[in-house]
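# Residue-level structure breakdown
Spelled out from the first residue to the last, the chains are:
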Amino acid sequence: MARKIAFKTLGCRLNQYETDSVTSDFINAGYEIVNFSEEADAYVVNTCTVTNMSDHKSRQTYNQVYRRNPDAVLVVTGCMANNHKEDLESNNRITYTIKNDRKGSIFNLLDSHFKGEIISPDQLKADRFGFGAAEKSIRTRSMIKIQDGCNNFCTFCIVPHVRGRAESRPYSEIEKNIKHALEFGYKEIVLTGVNIGRYERDGLNFEDIVGKVLEIPGYFRVRISSIEPEGFGDKLFNLFQNPKLTPHLHLCLQSGSEKILLAMRRQYSVDDFRIMVSKILNRIPDFNFTTDIMVGFPGETESEFRETCKVAEEIGFSHIHTFKYSVRKGTRAERMPNQVQEKVKTERSLIIRDIAENNKKKYRSSFIGKTQKVLVEKIDKTGFAKGYGEHYFPVRFKADELTQTKDFKLVRVNGLLDDQDFTVTAKPV
Amino acid sequence: MEVTINTIFTVQGVRHLTDSTYIVRLDRKGMMFVPGQNLNIGLAGDPEKRDYSIYSSLEDNFLDILVKEVDDGLVSKKLKKLKPGDSIEVDGPFGFFTIKDEDISTKKFLFIASGTGIGPFHSIALSYPELNYKLIHGVRNRNETYEKDHYPAGCYIGCLSKDKKGEFRGRVTDYLRQNPVDPDTLCYLCGNVNMIYDAFDILKEQGVPSGNLHAEVYF
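## Quick notes on the overall build of chain A
In terms of regular secondary structure, chain A is built from 13 helices and 20 strands. Relative to its length of 429 residues, chain A is compact, with a C-alpha radius of gyration of 22 Å against a globular reference of 22 Å. On the principal axes, the C-alpha backbone points of chain A span a range of 60 × 60 × 45 Å. Residues classed as buried in chain A amount to 48% of the 429 residues present.

Okay, structure coming up:
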């Protein structure tokens with residue numbers, strides 16, 4: 001009988017991509033993949049450590065496993081394994097602690113384990129790009145890792161310490177990975193990494209990579225994952241006129257206050273951000289901007305927070321991922337005075353969420369009467385299909401004769417549901 | 001450009017400019033960098049590391065960093081006590097506070113620094129001798145103008161807030177208000193976050209577009 005493996009991923013898309021790739025290794029070798037809540041022979045928890053909350057959720061997740069099945073093999077990997085390696089290794093409930101650069105070898109580790117051979121994690125091959133394309137059965141869109149690590153050292157951020165220094169993947173490997181994903185039948189490719197805008201390898205920058213990816217033949221579209229507003233300009237903005245490149249960016253603002261951006265040691269100003277947005281909107285007026293905003297950075301005053309609110313409303317981000325600042329050991333902000341009270345952070349976070357909700361409703365309403373090319377993710381029992389259009393918002397429509405998921409369907413938007421997410425409703429064209 | 005991680009470099013010596021400011025010189029070991037970049041430095045085996053801009057020029061066969069001793073600092077005090085032959089651990093170079101090759105011979109630059117924020121500008125100015133620039137340096141007293149004779153005549157303007165014997169008496173922000181900047185100038189600011197913030201406001205009021213403003217914050 002096939003061994004059962006369960007996976008749980010916390011945090012960013014890059015983590016998700018890496019889990020998907022490792023999962024595919026097990027599928028290809030005949031293992032059975034089960035839900036994380038089910039009984040399994042091994043559990044792999046791909047953790048996140050970007051905030052205190054991430055640490056908390058990661059700990060909660062691997063502790064659950066032990067309570068559910070104390071005899072199972074428990075593998076903890078991801079950024080927490082880098083940031084708290086010694087703590088995790090001294091926890092006897094955890095079988096293996098695997099750092100990020102060895103995550104791609106988890107299959108070898110567990111497969112050997114089940115065959116009776118115990119490999120020390122330090123003996124596993126270290127390769128930050130040792131991940132193949134995910135099996136089509138796992139996802140609707142295929143993430144492709146083009147870069148890892150970051151050299152920006154924003155004062156609040158632990159990522160350079162846990163993901164390591166910036167490194168870009170050779171284009172030949174990216175292309176190979178994409179072609180493999182297209183062979184699996186994927187119709188949407190998501191370029192992902194830690195700081196992809198700073199891609200730099202063999203004389204190519206991020207704009208060059210996007211341009212080259214768009215030239216790969218095939219019926220597919222390309223999405224850019226979360227990106228910092230730096231390292232690219234007009235060349236990328238012009239590429240958005242290619243219909244193969246989806247009109248959406250998750251462009252991380254963090255704060256709308258120049259002073260806070262400086263203290264965060266971000267590499268752009270609010271004005272730079274505004275100019276970037278306006279240049280894109282001049283080319284594509286209905287472009288979708290989403291973002292990350294951090295509230296309660298040390299020293300953030302009420303008036304600086306209001307500046308952020310103003311920018312969030314002005315740009316009209318249709319989705320805002322709001323973070324409450326939390327101290328990360330070893331970062332520069334850990335040593336900053338004027339830490340903001342938790343209560344204030346929560347209040348600010350709720351205010352940003354309200355703005356985001358209003359923005360979302362307004363943005364999505366503006367699509368009523370317009371078409372969207374939806375990549376169908378699922379068809380539910382009531383006969384409704386759901387997926388994401390090119391602008392990256394959820395669209396729901398009556399499937400009728402449609403039976404095939406993971407392919408495109410052109411629809412016309414006719415309204416918004418009054419659900420929590422303002423899901424867009426549509427009719428096939 | 002190759003980035004060095006946890007690499008041991010040998011100290012050539014420490015040169016004291018004031019009681020609390022000093023230059024640590026290291027073997028370069030062939031390190032490639034772009035003037036304006038920084039290194040992450042700590043004592044060998046010590047987990048505490050800090051960022052310091054490279055102070056030396058591209059032509060030098062050593063690496064200099066300019067260090068200000070911080071009260072209760074966990075790294076700066078240790079760096080002050082280094083002796084020739086000691087080992088330190090270096091990561092880098094990092095950072096994007098650099099100037100574009102195509103701008104070197106065509107653009108006019110204004111460098112604005114407070115205290116040891118002059119570090120990257122020293123590297124830039126000495127690496128590109130043909131550069132058309134003015135360097136405004138905000139410090140309290142004349143003994144903090146560091147190695148101002150390294151810059152060509154007329155390029156360095158010391159703004160001394162507590163000393164009359166400088167090129168300008170007052171803060172860099174006072175200088176900027178009295179000497180409006182041509183909006184075509186590429187402005188690079190390095191130093192204390194409040195100085196940068198105030199200078200940004202003044203430069204914007206004077207019509208300098210945000211695309212011409214670049215900042216590196218020192219804490």
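## Here's the deal with the overall build of chain B
If you tally the helices and strands in chain B, you get 5 helices and 12 strands. Its C-alpha atoms give chain B a radius of gyration of 17 Å, within 12% of the compact-globule value 17 Å for 219 residues. Taking the principal axes of the C-alpha coordinates as reference, chain B spans close to 50 × 40 × 30 Å. Relative to all contacts within chain B whose residues are 6 or more apart in sequence, the contacts with residues 24 or more apart total 62%.

## Quick notes on the pairing of strand 6 (residues 87–94) of chain B
Residues and elements named next belong to chain B. Burial analysis of strand 6 places 6 of its 8 residues in the buried class, the great majority of the element. Note: strand 1 (residues 4–16) against strand 6, 5 bridges, orientation antiparallel. Within strand 6, the position partnered with Phe9 by the bridge is Ile88. Of the strand pairs in this sheet, strand 3 (residues 38–43) and strand 6 are connected by 5 bridges, and their pairing is antiparallel. Looking across to strand 6, one finds that Asn38 is bridged to Phe94.

## Observations regarding the pairing of strand 7 (residues 108–114) of chain B
Residue and element names in this part refer to chain B. Here strand 7 lies mainly inside the structure; 6 of its 7 residues are buried. With 7 bridges joining them, strand 7 and strand 8 (residues 132–139) adopt parallel strand pairing. Pairing of Ser114 across the sheet is with Gly138, part of strand 8. In this fold, strand 7 hands off to helix 3 (residues 119–127), which returns the chain to strand 8; that crossover is right-handed.

## Things to note about the interface of chain B and chain A
Each partner contributes to the interface: chain B provides 15 residues, whereas chain A provides 13 residues. Elements supplying a minimum of two residues to the side of chain B that touches chain A: helix 5 (193–205) and strand 12 (213–218) of chain B. Looking at the side of chain B that touches chain A, the element that brings in the most residues is helix 5 of chain B, giving 4 residues. Taken together, the residues that form the side of chain B that touches chain A break down as 12 nonpolar, 2 polar and 1 charged.

## Observations regarding the sheet that holds strand 3 (residues 42–47) of chain A
Residue and element names in this part refer to chain A. The strand order across the open sheet built from 5 strands is 2-1-3-4-5, with neighbouring strands paired in parallel fashion. In the strand order of this sheet, the two ends are held by strand 2 (32–34) and strand 5 (96–98), each with one partner. Here the strands of the sheet are splayed against their neighbours by 25° on average, with no regard to which way each runs. Judged from the 6 bridges that link them, strand 3 and strand 4 (residues 73–78) form a sheet pairing that is parallel. When the bridges of strand 4 are listed, Val45 appears paired with Val76. Across the face of the sheet, helix 2 (residues 52–68) comes into contact with strand 1 (4–9), strand 3 and strand 4 while running at roughly 175° to strand 3.

## Concerning the sheet that holds strand 11 (residues 186–192) of chain B
Residues and elements named next belong to chain B. Pairing within the open sheet is parallel, and its 6 strands lie in the order 10-9-8-7-11-12. Whereas interior strands pair on both sides, the edge strands pair on one side only; in this sheet they are strand 10 (168–169) and strand 12. Note: strand 11 against strand 12, 6 bridges, orientation parallel. Note that in strand 12 the partner of Cys190 across the bridge is Glu216. Against the sheet, helix 3 makes contact with strand 7, strand 8, strand 11 and strand 12, and its axis sits at roughly 155° relative to strand 8, the strand it touches most.

## A short note on the confidence of the model for chain B
Here chain B shows a mean pLDDT of 94. Residues at 70 or above account for 100%. Interface confidence in the predicted complex, given as ipTM, is 0.81; pTM for the same model is 0.88.

## Topic: the nonpolar core
Ranked by size, the top nonpolar core spans 140 residues in total, and within it Val75(A), Phe111(B) and Leu135(B) carry the most contacts. Setting aside residues up to four positions removed in sequence, Val75(A) forms contacts with Ala42(A), Val44(A), Thr95(A), Tyr96(A), Ile98(A), Ile106(A) and Leu110(A). Core analysis: the second largest hydrophobic core is formed by 18 residues, Phe33(B), Tyr52(B), Leu66(B) and Ile88(B) among them.

## Brief notes about the domain arrangement of chain B
Residues and elements named next belong to chain B. When the domains of chain B are assigned, the result is domain 1 (4–94) and domain 2 (101–218). With centres defined by C-alpha atoms, the gap from domain 1 to domain 2 works out at 23 Å. Contacts between the two partners involve 14 residues from domain 1 and, on the opposite side, 12 residues from domain 2. Across the side of domain 1 that touches domain 2, the residue classes break down as 6 nonpolar, 6 polar and 2 charged.

## Overview of the environment of Asn288(A)
Residue and element names in this part refer to chain A. Mapped onto the elements, Asn288 comes out in strand 14 (residues 288–295). On the basis of neighbour counts, which here come to 22 C-beta atoms within 10 Å, the residue Asn288 falls in the buried class. If near-sequence neighbours (up to four positions away) are discounted, Asn288 is found in contact with Pro247, His248, Ser318, Tyr363, His391 and Tyr392.

## What to know about the domain arrangement of chain A
Size of an interface, as often reported, equals the accessible area lost when the parts are brought together. Residues and elements named next belong to chain A. Domain boundaries in chain A define domain 1 (4–123), domain 2 (142–365) and domain 3 (371–428). Distance between the C-alpha centres of domain 2 and domain 3: 26 Å. Tallying the contact residues gives 14 residues for domain 2 and 11 residues for domain 3. Here the residues of the side of domain 2 that touches domain 3 are counted per class, giving 1 nonpolar, 6 polar and 7 charged.

## A word on helix 5 of chain B
End to end, helix 5 of chain B covers 18 Å across 13 residues, agreeing with the expected 18 Å (1.5 Å per residue, within 8%). For helix 5 of chain B, the full list of buried residues reads Met195(B), Ile196(B), Tyr197(B), Ala199(B), Phe200(B) and Leu203(B). In the core, the buried residues of helix 5 of chain B are packed alongside helix 10 (258–264) of chain A together with strand 7, strand 8, helix 4 (172–178), strand 11 and strand 12 of chain B. Just downstream of helix 5 of chain B lies Gly207(B), where phi reads positive at about 95°.

## Observations concerning unusual backbone geometry
At the junction of Gly92(B) and Pro93(B), the peptide bond is cis and its omega measures out at 5° in the coordinates. Secondary-structure assignment places Pro93(B) in strand 6. Unlike most non-glycine residues, Asn338(A) shows phi in positive territory, near 60°. In this structure, Asn338(A) sits in the loop between strand 15 (319–324) and helix 13 (342–365).

## Considerations on the packing of helix 12 (residues 302–315) of chain A against helix 13 of chain A
Residue and element names in this part refer to chain A. Across the interface, helix 12 lies against helix 13 with an axial gap of 10 Å and an inter-helix angle of 15°. Here helix 13 runs roughly parallel to helix 12, going by the angle between their axes. Crossing of helix 12 over helix 13 shows right-handed handedness. The segment helix 12 lies against helix 13, with Phe305, Cys309, Ala312 and Glu313 engaging Arg348, Ile351, Ile352 and Ile355. Counted by class, the contact of helix 12 with helix 13 contains 6 nonpolar, no polar and 2 charged residues.

Parameters at a glance
Residues numbered from 1 in each chain as written. Chains lettered and ligands numbered in written order. Predicted model: local features only at pLDDT ≥ 70, side-chain atom pairs only at ≥ 80, totals over all residues. Helix = DSSP H or I, 4+ residues; strand = E, 2+ residues; numbered from the N terminus. Rg over C-alpha atoms; globule rule 2.2 N^0.38 Å. Buried ≥ 20, exposed ≤ 12 C-beta atoms within 10 Å, placed from the backbone. Contact = placed C-beta atoms within 7 Å. Pairing = 2+ DSSP bridges. Right-handed = clockwise from strand over helix to strand, strands pointing away. Nonpolar A, V, L, I, M, F, W, Y, C, P; charged D, E, K, R; others polar. Axes fitted to C-alpha atoms, helices over the stretch in contact; angles between N-to-C directions. pLDDT = per-residue confidence, 0-100. Core = buried A, V, L, I, M, F, W, Y, C linked by C-beta atoms within 7 Å. Domains from an automatic or database assignment. Expected span 1.5 Å × (residues − 1). Parallel < 35°, antiparallel > 145°, perpendicular 65-115°, else oblique. Left-handed = near helix turned anticlockwise from the far one by under 90°.

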